[in-house]
Structure formats: structure tokens, C-alpha cells
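# Reading the structure
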Amino acid sequence: MSLHDDAVLVLKGYEGQDELRQAYLDHLAAHPDGMWKACEAGHVTASALVIDPEHGRVLLTLHRKLRMWLQMGGHCEPGDPSLAAAALREATEESGVPGLTLLPGGPVRLDRHPIPAPCHWHYDVQYAALAPPGAMQAISDESLDLRWFPYDEVADVADESVVRLLEATRARL
């Protein structure tokens with residue numbers, strides 16, 4: 001099964017955000033290359049909010065280009081067997097935390113946002129990843145900083161999309 005096929009199956013099985021979910025499916029139906037950065041109409045990305053429920057905190061990255069506190073995530077790669085695998089790979093690479101596991105139940109949220117040309121949209125499929133006990137982070141070259149934030153401080157540092165992702169994740173825990 002191709003990554004494109006996996007994404008379609010994941011999105012068809014995703015419950016909630018019906019209008020946005022359909023926009024993702026329409027995009028993939030219209031763009032066979034819609035999983036890849038080269039698709040200028042937009043492309044699917046995969047991200048994961050790294051959480052430590054035992055201590056009530058999340059790990060956010062200060063994105064090097066955007067200079068915003070965000071969840072880990074990014075572009076799918078040809079070697080990714082699934083969207084979930086892409087999200088887990090990105091979370092592990094960007095956090096430096098080994099042993100992350102995705103929260104069961106598939107994606108937590110969808111978030112479509114405009115990006116600078118030549119591409120126009122990121123169709124982000126957002127997961128949540130559980131950090132193992134005693135997790136130690138390590139900054140990657142994609143990040144200016146990496147920091148744990150208590151749940152109640154996320155709204156002070158991150159934008160609404162991250163706050164909504166945290167709310168949806170906590171609802172699922």
C-alpha cells in the first residue's frame with residue numbers, strides 16, 4: 001500500500017472535523033502527488049504532540065524558520081510506510097526522545113494552514129505521542145529550542161492550533 005493510499009484510509013476512518021476531512025480527501029483525489037512537498041497545490045504533513053501525562057506537560061519545539069513553539073512534525077518521506085509512522089519519525093527526530101509511542105486511536109486532529117510559496121497549504125494530520133518515563137529531549141538542527149511546558153502554560157507560548165491539539169489530546173487520554 002502506498003503512503004497516499006494509507007492517508008486516504010486514515011482520513012476516511014477519521015471521525016470529526018467532517019468538512020476539513022473532506023477537503024483533505026478531495027485534495028488527495030485531485031493530486032496523486034499530494035503527499036509530497038513538490039505538490040505546489042499543498043501537501044499532507046504529519047505531526048505529533050509529545051506529551052508526558054504523568055507530569056501534565058508537553059514538549060514543544062521552537063521552530064527554526066517560523067520562530068514559533070509548535071508540536072513536532074513535518075513532511076512525509078518516501079520511506080514512510082504510513083502517516084502514523086511519518087508522525088512518529090518526525091516526533092522522534094525532532095525531540096531526540098527514544099521510545100515514543102503514538103496514542104491509540106489514530107489522528108487526534110486535522111489542521112490545514114497556509115504556507116509561503118511555491119506551495120500553498122499544509123494539510124497536517126496530527127497525532128499525539130506518549131513520552132516514556134524519564135524522557136530526555138535533545139535539540140535537533142530544525143529547532144532553536146526544545147522545552148517541556150505544563151498543560152496550563154501552552155496557551156501562553158503557542159498558537160491556537162497547538163492549544164486545540166492539546167485539548168483534543170487531553171480529551172482522548
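Whatever comes next refers back to the structure up there.
The following paragraphs examine the structure supplied in this document. Keep in mind the model is a prediction, meaning the values are calculated, not measured.

Another aspect to go through is the environment of G73. Inspection of the secondary structure assignment puts G73 in strand β4 (residues 72–75). Residue classification places G73 among the partly exposed positions, given a relative accessible area of 21%. Counting along the chain gives 25 residues from G73 to A48, while the straight-line C-alpha distance between them is 6.1 Å. Every residue in contact with G73, bar those within four places of it in the chain, is listed here: A46, S47, E90 and E94.

It is worth spelling out the packing of helix α1 (residues 3–13) against helix α2 (residues 18–30) at this point. Their axes nearest at 10 Å, the elements α1 and α2 cross at an angle of 155°. Relative to α2, α1 is oriented roughly antiparallel. The element α1 and its partner α2 pack so that their crossing is left-handed. Contact residues: H4, A7, V8, L11 and K12 in α1; R21, Y24, L25 and L28 in α2. The residue inventory of the contact of α1 with α2, partitioned by class, reads six nonpolar, one polar and two charged.

Parameters and conventions
Residues numbered from 1 in each chain as written. Predicted model: local features only at pLDDT ≥ 70, side-chain atom pairs only at ≥ 80, totals over all residues. Heavy atoms only, no water. Helix = DSSP H or I, 4+ residues; strand = E, 2+ residues; numbered from the N terminus. Buried < 20%, exposed > 50% of the residue type's maximum accessible area, 1.4 Å probe, protein only. Contact = heavy atoms within 4.5 Å. Axes fitted to C-alpha atoms, helices over the stretch in contact; angles between N-to-C directions. Parallel < 35°, antiparallel > 145°, perpendicular 65-115°, else oblique. Left-handed = near helix turned anticlockwise from the far one by under 90°. Nonpolar A, V, L, I, M, F, W, Y, C, P; charged D, E, K, R; others polar.

None of this, on its own, says anything about what the molecule does.
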